[in-house]
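Summary of the model geometry
Here's the letter readout for the chains.
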Amino acid sequence: MSNIQDKVVIITGASSGIGEAAAKELASKGAKLVLAARRGERLKKLQEEIQNNGGQAIYKVTDVTSHDQMEELAELALQEFGKIDVLVNNAGVMPHSFLYKKRIDDWNKMIDVNIKGVLYGIAAVLPTMREQKSGHVINLSSVAGHFVGAGSTVYAGTKFAVRAISEGLRKEEAANNIRSTIISPGAVTSELINAITDMDLKPGIEKIYEGAIDADAIARAIAFAIEQPADVAINEMIIRPTSQE
Ligand code: NDP
């Protein structure tokens, strides 16, 4: 039996890209999924697909920038399945631009979704995981959480923050048997780059993404981290296309 069988897994940003691929991968290995994002129609379609393939999933329209909505999401998982084994803090946005363009709204969006969303997710599941004396939080950082490129400054700042938060969580909760995993992808095919409107940057980024790998590659990495025995924590993985410098 897979070590993912019957684990209750909350996935944010499950309506596309990496979150959607992770949902399908984990459902095929027997997880009980709680899918979250803002686009309910997409979540409904994914839930139906998972159920038609014999998997288990529920969904809730959730904006990760709302602390209340994240708490309600965790409550739903508990009501429905009685425990929370894993949170995949995957929701993220990447509207790259140069600092001098002062796209303050985009900065705020990245900080709200990529940093506060991750913290609200942790806040929502931590009391339950501490009580259970077991749990696993998987946070999506990026290669931009390791290296800063011109034009990706604010995004990189948020992804460095995700790594800092993950490492702090690991240290604080190791004694409570709670695992912390950072996943840092390189270029992955998804809807992420659609939000980039700065035409001084977009063509260069599209070029990098010509060599992007499928979201399935990241989904498999997420599954690998979850399926380890409880006393083994995969703390960090960087997954790039082989051809990406
Ligand atoms: P997508 O744009 O395909 O998916 C992003 C997901 O986040 C969507 O499901 C979207 O759903 C959700 N989301 C965005 N804002 C919110 C919000 N306020 N509340 C709830 N959900 C939200 O991109 P990816 O799948 O590529 O991105 C997933 C993660 O991987 C992100 O954290 C990203 O930074 C990271 N990453 C991706 C890389 C790549 O090359 N693709 C590289 C490195 C890291 P909805 O709009 O329905 O709310």
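Since the structure is predicted, the reported quantities are computational estimates derived from the model, not experimental observations.

Cut-offs used in this document
- Residues numbered from 1 in each chain as written.
- Predicted model: local features only at pLDDT ≥ 70, side-chain atom pairs only at ≥ 80, totals over all residues.
- Helix = DSSP H or I, 4+ residues; strand = E, 2+ residues; numbered from the N terminus.
- Rg over C-alpha atoms; globule rule 2.2 N^0.38 Å.
- Buried ≥ 20, exposed ≤ 12 C-beta atoms within 10 Å, placed from the backbone.
- Near = placed C-beta within 6 Å.
- Nonpolar A, V, L, I, M, F, W, Y, C, P; charged D, E, K, R; others polar.
- Right-handed = clockwise from strand over helix to strand, strands pointing away.
- Axes fitted to C-alpha atoms, helices over the stretch in contact; angles between N-to-C directions.
- Left-handed = near helix turned anticlockwise from the far one by under 90°.
- Contact = placed C-beta atoms within 7 Å.
- UniProt positions renumbered as here; feature names shortened; annotations may be inferred.
- Pairing = 2+ DSSP bridges.

Some words on the overall build of the protein chain
Of the regular secondary structure elements, the protein chain holds seven helices and seven strands. From first element to last, N terminus to C terminus, the protein chain shows the α and β order β-α-β-α-β-α-β-α-β-α-β-α-α-β. In summary, the protein chain has a C-alpha radius of gyration of 17 Å against a globular reference of 18 Å for 245 residues, a match within 12%. By principal-axis analysis of the C-alpha atoms, the protein chain measures approximately 50 × 40 × 35 Å. Taken over 245 residues, the protein chain has a buried fraction of 44%.

A few points about the site of the ligand
Among the 29 residues in the neighbourhood of the ligand, the closest are listed as G13, G17, R38, G92 and S190. Per-element tally for the shell around the ligand: the top contributor is helix α1 (residues 17-28), with three residues. The residue inventory of the shell around the ligand, partitioned by class, reads twelve nonpolar, twelve polar and five charged.

Quick look at the pairing of strand β5 (residues 135-140)
Within a regular strand, the side chains alternate between the two sheet faces. Across the six residues that make up β5, a large majority, six, are buried. Note on the crossover from strand β4 (residues 86-89) through helix α4 (residues 104-132) to β5: the handedness is right-handed.

Here we look at the environment of Q228
Inspection of the secondary structure assignment puts Q228 in the loop between α7 (215-226) and β7 (236-239). The class for Q228 is partly exposed, based on 14 C-beta atoms found within 10 Å.

Some thoughts on the packing of helix α3 (residues 67-81) against α4
α4 packs onto α3 with a crossing angle of 35° between their chain directions and a minimal axis gap of 8 Å. Considering the relative orientation of α3 and α4, their crossing is right-handed. From α3, H67, M70, E71, L73, A74 and L78 reach across to α4, where they touch Y120, G121, A123, A124, V125 and T128. Of the residues belonging to the contact of α3 with α4, the class tally is eight nonpolar, three polar and one charged.

Things to note about the UniProt feature "domain: Ketoreductase" (unreviewed entry) in the protein chain
Taken from the UniProt record, the annotation "domain: Ketoreductase" (unreviewed entry) applies to residues 7-181. Secondary structure across residues 7-181 comprises 51% helix and 18% strand; the distance between its end C-alpha atoms is 16 Å.

Regarding the sheet that holds β5
Reading across from one edge, β3-β2-β1-β4-β5-β6-β7 is the order of the seven strands in this open sheet, with parallel pairing throughout. Only two strands of the sheet have a single partner each, and these edge strands are β3 (56-61) and β7. Each neighbouring strand pair of the sheet contributes to a mean axis angle of 15°, computed without reference to strand direction. One ladder, built from six bridges, connects strand β2 (residues 32-37) with β3; its direction is parallel. The residue bridging V34 from the neighbouring strand is I58, located in β3.

Topic: the environment of I50
By secondary structure assignment, the location of I50 is in helix α2 (residues 40-52). A C-alpha to C-alpha distance of 21 Å links I50 and T189, two positions 139 residues apart in sequence. In contact with I50, other than residues within four places in its own chain, are A23, K24, A27, L33, G55 and A57.

Notes on the environment of M94
Among the secondary structure elements, M94 is positioned in the loop between β4 and α4. Judged by C-beta crowding, with 23 C-beta atoms within 10 Å, M94 ranks as buried. Separated by 82 residues in sequence, M94 and N176 have C-alpha atoms that sit 33 Å apart. Sequence-distant contacts of M94, defined by excluding residues within four places in its chain, comprise Y155, L192, I193 and A195.

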